[in-house]
Amino acid sequence: MRKWVMGTAALLAAVATVLCVLPHQTAAQESSSANQSLSDLVDSDLQPVNSTKALKTSEQSVVRVLVVYRGYGGVPLDTVGMGSGFVVAPGYIVTNYHVVEVPPEASSADIYIVPHKDSGAGYQPVQLMKKWVEGDLALLAAPSLKVPPLKLYLTPYKNERVVTMGYPDVTDHLLNRSGTALLEPADAYVTQGSIALFASTNPDGSRVDTLFHTAPINHGNSGGPLLNECGQVVGVNTWTAPSSVSNAGNLDVSAGQYVATHVSALNTFLSSAGVTPTVVSTPCYAKSEDEIVKDDALSRVLAAAAEAQVQRLAEQKKAEADRAAMEIWQLGAMIVLSVLVLILIGLIIRREIRHRNEIHSKEPLAPTAFDEVPAKPEKVKPPKVEKPKAEWVPHDRVKLPGIKHPIPWGWIALALVIVVAVVGFLIKEREIDSRLSKPKVAAPVAAAAIQHMSCDVDKAMSANPLADAGHIEFDFDLVHACVNGRTPYERQANGELLRFTTGTDNPVAARMELSADGSLFTRYDYRLDPAQYQTFVAQKNALGSLRCSANADAGALAALGDNLARIRTLSLSYLTMPAETKTVWRCKAV
């Protein structure tokens with residue numbers, strides 16, 4: 001019996017242990033899945049290109065172009081043509097045609113290129129392969145040149161930041177470079193600006209796509225590349241507005257008027273020559289090395305916040321698993337204890353019955369609880385007897401042992417009290433207790449918190465409203481600060497709700513405010529610089545987006561609040577300019 005009791009207890013303990021370990025394994029798997037899903041959210045396209053390094057690499061593909069003119073009889077002339085160019089494909093260079101064009105006073109020309117000093121190549125002769133007079137482009141062949149080509153980006157946009165690279169004459173004059181010194185590889189001269197205008201004709205009147213920009217160029221920059229911040233070609237520098245003398249004799253200098261042949265025209269020219277350049281379609285998202293360093297602190301904060309959120313959710317799941325495991329352990333302990341108590345009671349009852357049977361076998365005349373009560377005999381007056389005066393006691397007056405019941409009801413009652421106490425302790429304030437308890441009635445305010453709002457534009461309060469602003473309707477959840485069951489708003493200290501969003505077609509961001517009772521909805525729209533807008537959207541997307549839910553637990557609500565707070569901080573750092581539009585809607589519950 002004892003061995004059987006110990007074996008049963010060990011088996012029950014083993015089952016409880018297995019049931020306890022399973023929730024821990026499940027929690028570990030869920031935590032690993034959460035970490036994996038976080039890593040899957042990382043998008044390489046959201047990482048900016050280091051423009052400092054990209055432009056330094058592109059600079060090695062820019063070359064100086066030197067043209068030695070020869071007169072009749074092959075005699076070199078004193079005049080030397082100079083310009084810039086860049087590698088567009090292995091062994092091919094593009095420059096302006098007017099750089100290599102032979103003037104009327106010369107009969108021929110020898111063309112040389114001088115690569116960048118970091119390219120590891122020296123000056124070498126090249127051959128003119130193809131020209132396009134209207135587009136002012138020329139293709140040069142340099143078979144022995146081992147310099148990586150630049151990539152073309154065919155869709156530049158207005159206000160995009162650009163960089164020019166080349167070898168202007170004025171720089172050579174200031175550095176006292178002349179004669180054979182020009183054949184020594186050197187650094188390219190770099191200026192910065194932005195795209196100001198697109199045009200379908202060039203200054204010569206030819207139907208060639210061109211673009212105006214504000215990156216200064218001088219004589220000698222002709223044929224050099226116009227690059228975006230990723231080091232991709234968006235144009236070929238060709239013209240600059242000349243200075244002129246007015247009727248009053250004053251010198252008029254046209255500032256900021258620089259013209260380049262559009263990259264699409266360059267791509268057409270190369271295709272006609274059978275040259276296939278590398279074309280990039282992904283928009284340029286770049287930052288300088290200084291900007292990346294400055295944003296590194298913000299990136300670390302965002303990464304730490306994301307990691308803290310994942311860790312918080314993992315700890316919450318682990319706590320739930322531990323709580324479930326503890327309940328399983330307690331349930332197992334309750335079962336084992338109850339079984340052991342019942343076995344103990346059975347052994348006690350069996351021992352008591354055996355003991356009393358032994359007593360009864362030794363004293364057969366001893367009464368038990370199951371015997372009939374004997375009739376009380378009549379009293380007979382004893383006769384008077386003379387001496388000796390010894391008193392005679394009848395048999396019915398002999399003191400008999402007390403009558404004991406064979407079943408120990410006291411022990412059974414004690415066992416039941418112990419079992420009931422253990423069960424009551426284990427189910428108190430647990431899931432089973434909530435199921436056995438009377439269900440609580442939900443507060444009526446929660447059901448009435450979701451209202452359908454109907455809103456119309458208040459023209460008196462709207463300063464320059466949106467052109468297409470009109471009647472709107474939405475479902476408003478006041479308790480959870482949720483619109484249409486999915487769009488979360490951040491509740492402010494004054495009770496108002498706040499949300500920031502970005503457009504899809506235009507570089508526009510919006511700030512939306514909703515009064516505490518939902519009766520007033522205000523939208524402010526801000527127009528950003530395209531490059532700044534791209535940076536803002538990339539950083540905002542990196543934070544992720546969460547949806548609100550009336551059934552969310554405390555952990556999900558805390559994560560949502562942290563996300564909205566980070567988006568608000570990021571948005572306020574960008575939306576510092578006056579709002580372009582302000583639209584106000586008056587709303588009422590229907």
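Coordinates for the structure precede this section.
As the structure is a prediction and not an experimental result, all values here were calculated from the model.

**Description of empty space enclosed by the protein**
One way to see where empty space is left: roll a probe the size of a water molecule over the atoms.
Phase 1: As enumerated under the stated definition, the model contains one cavity of 30 Å³ or more in all.
Phase 2: Its volume calculated, the largest cavity comes out at about 60 Å³.
Phase 3: Lining the largest cavity are E490, L498, R499, F500, L564, I567 and R568.
Phase 4: Taken together, the elements giving at least two residues each to the lining of the largest cavity come down to β24 (497-502) and α11 (554-574).

**Section: the state of the cysteines**
One way to say it: the disulfide is the covalent bond shared by the sulfur atoms of two cysteines.
Phase 1: According to the stated counting rule, one finds two disulfides in the structure shown.
Phase 2: Here C230 engages in a disulfide with C284; their sulfurs sit 2.1 Å apart. As the torsion about the S-S bond is roughly 95 degrees, the C230-C284 disulfide counts as right-handed. Within this pair, whereas C230 is found in the loop between β12 (225-228) and β13 (233-240), its partner C284 is found in the loop between β17 (278-280) and β18 (286-287), the two being separated by 54 residues in sequence.
Phase 3: A relative accessible area of 12% means that C230 is categorised as buried.
Phase 4: The exposure class assigned to C284 is buried, which follows from its relative accessible area of 9%.
Phase 5: Disulfide pairing is shown between C455 and C587; the S-S distance is 2.0 Å. Handedness of the C455-C587 disulfide follows from its S-S torsion of about 110 degrees: it is right-handed. Note that C455 is positioned in strand β19 (residues 450-457) and C587 in strand β27 (residues 581-589), a separation of 132 residues in sequence.
Phase 6: By relative accessible area, C587 is classed as buried at 10%.

**Overview of a nonpolar patch on the surface**
Phase 1: Where nonpolar side chains cluster on the molecular surface, the patch consists of V170, L174 and L175 and spans about 300 Å² of accessible area.
Phase 2: Inspection of the secondary structure puts L174 in helix α4 (residues 169-174).
Phase 3: Judged by its relative accessible area of 68%, L174 is exposed.

**Some remarks on the sheet that holds strand β6 (residues 124-132)**
Phase 1: Strand order around the closed barrel formed by six strands is β2-β3-β4-β7-β6-β5, with antiparallel pairing between neighbours. Within this sheet the neighbouring strands show an average axis-to-axis angle of 40 degrees, counted without direction.
Phase 2: In this structure, β6 lies alongside strand β7 (residues 137-141), joined through five bridges in antiparallel fashion. For K130, the partnering residue across the bridge sits in β7 and is L139.
Phase 3: Each of β3 (76-89), β4 (92-95), β6 and β7 is contacted by helix α5 (residues 263-272), which is oriented at about 45 degrees to β7, the strand it contacts most.

**Regarding the environment of D118**
Phase 1: For D118, the location among the structural elements is in the loop between β5 (108-114) and β6.
Phase 2: For the pair D118 and E59, spaced 59 residues apart in the sequence, the C-alpha separation amounts to 8.9 Å.

Calculation rules
Residues numbered from 1 in each chain as written. Predicted model: local features only at pLDDT ≥ 70, side-chain atom pairs only at ≥ 80, totals over all residues. Heavy atoms only, no water. 1 Å grid on protein atoms, 1.4 Å probe; cavity = no way out; pocket = protein on both sides within 12 Å on 5 of 7 lines; lining within 4 Å. Points joined across faces, edges and corners; volume = space filled by probe spheres on them. Helix = DSSP H or I, 4+ residues; strand = E, 2+ residues; numbered from the N terminus. Disulfide = S-S within 2.5 Å. Buried < 20%, exposed > 50% of the residue type's maximum accessible area, 1.4 Å probe, protein only. Patch = residues over 30% accessible without salt bridge, like charges linked within 9 Å, V, L, I, M, F, W, Y side chains within 5 Å. Areas by Shrake-Rupley, 256 points an atom, 1.4 Å probe, with all protein chains shown as cover. Salt bridge = Lys/Arg side-chain N within 4 Å of Asp/Glu carboxyl O. Pairing = 2+ DSSP bridges. Axes fitted to C-alpha atoms, helices over the stretch in contact; angles between N-to-C directions. Contact = heavy atoms within 4.5 Å.

Bear in mind that shape data such as this cannot, by itself, settle questions of function.
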